[in-house]
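Below are the chains, spelled out letter by letter.
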Amino acid sequence: MTSHQTTQTMKPATAAKKLGVYLEATPAEFQEGVVSRTELSALQADPPPWLQELRRNGPHPRPVVAAKLGISISGLARGGITEALTTEQIEALKAESPEWLQKERTTQAEVRKEAVRIKEKNAERGDQSR
């Protein structure tokens, strides 16, 4: 019996998410086709100029915007940011440092501290059970 291995493909939206780029800003041929795992690996290993440009200047998808601002995606929504932003817009927002952004950064810092505390507590429990 000969096994025929089918190429795994993904929708452009999934590939864009894995690449960390905003789908609507990608070239039409990327948006209209399907992306194989091999093609995705090639794009990650040796990004073409359009991908380098998108990663550098945007527009960036909300998860990337949130990470660059140091807040959660929910924090973006609470701050009224619902669309993709360019690197320039993100930098302007950082420079402006509105009250909502300061509050969200504080909240995010507290969430991270709590996550570390819980992780350490669980590690201690693991040590004690041995």
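As a starting point, this report considers the structure included with it. (Residues numbered from 1 in each chain as written. Predicted model: local features only at pLDDT ≥ 70, side-chain atom pairs only at ≥ 80, totals over all residues. Heavy atoms only, no water.)

A look at the nonpolar core
For step 1, the next point in the chain: In terms of nonpolar packing, the biggest core is built from eleven residues, these being M10, A15, A16, L19, V21, F30, V35, L40, L43, L51 and L54.
For step 2, the next point in the chain: Broken down by secondary-structure element, the contributors of at least two residues to this core are α1 (12-19), α3 (37-45) and α4 (49-57).
For step 3, the next point in the chain: For this core, the element with the highest residue contribution is α1, accounting for three residues.
For step 4, the next point in the chain: Contacts of F30, omitting those with residues within four sequence positions, involve P12, A15, A16, L19, L23, V35, L43 and W50.
For step 5, the next point in the chain: Listed in part, the ten residues of the second largest apolar core include V65, A66, L69 and L93. (Core = buried A, V, L, I, M, F, W, Y, C linked by side-chain atoms within 4.5 Å. Buried < 20%, exposed > 50% of the residue type's maximum accessible area, 1.4 Å probe, protein only. Helix = DSSP H or I, 4+ residues; strand = E, 2+ residues; numbered from the N terminus. Contact = heavy atoms within 4.5 Å.)

Section: the pattern of salt bridges
For step 1, the next point in the chain: In total, this model carries four salt bridges according to the counting rule given.
For step 2, the next point in the chain: For the salt bridge of R56 with E53, the shortest nitrogen-to-oxygen distance reads 3.6 Å. Residue R56 and its partner E53 are both found in helix α4; the two are separated by three residues, about one turn of the helix.
For step 3, the next point in the chain: Overall, R56 belongs to the partly exposed group, its relative accessible area being 47%.
For step 4, the next point in the chain: Judged by relative accessible area, which is 38%, E53 ranks as partly exposed.
For step 5, the next point in the chain: Where K94 meets E91, a salt bridge forms, and the shortest distance between an N and an O atom there is 3.7 Å. Taken as a pair, K94 and E91 lie in helix α7 (residues 87-96) at a separation of three residues, close to a single helical turn. (Salt bridge = Lys/Arg side-chain N within 4 Å of Asp/Glu carboxyl O.)

Considering the side chain of Q108
For step 1, the next point in the chain: With respect to the helices and strands, Q108 occurs in helix α8 (residues 99-128).
For step 2, the next point in the chain: Residue classification places Q108 among the buried residues on the basis of a relative accessible area of 15%.
For step 3, the next point in the chain: Apart from residues no more than four positions distant in its own chain, Q108 is found in contact with G70, I71 and S72.

Some points on the side chain of S36
For step 1, the next point in the chain: Along the chain, S36 turns up in strand β2 (residues 35-36).
For step 2, the next point in the chain: S36 gets classed as buried once you look at its relative accessible area, which sits at 9%.
For step 3, the next point in the chain: In this structure S36 touches T7, Q8 and T9, once residues within four positions along its chain are discounted.

Observations concerning unusual backbone geometry
Backbone phi values are negative for most residues with the exception of glycine, while trans is the configuration of most peptide bonds.
For step 1, the next point in the chain: Across the junction of G58 and P59, the peptide omega takes the value 10°, indicating a cis bond.
For step 2, the next point in the chain: Take P59: it is sitting in the loop between α4 and α5 (62-69).
For step 3, the next point in the chain: Here the phi dihedral of S97 falls at roughly 45°; this positive angle occurs in a residue that is not glycine.
For step 4, the next point in the chain: Along the polypeptide, S97 turns up in the loop between α7 and α8.
For step 5, the next point in the chain: What makes S97 partly exposed here is its relative accessible area of 23%.

The analysis is restricted to geometry; functional conclusions fall outside its scope.
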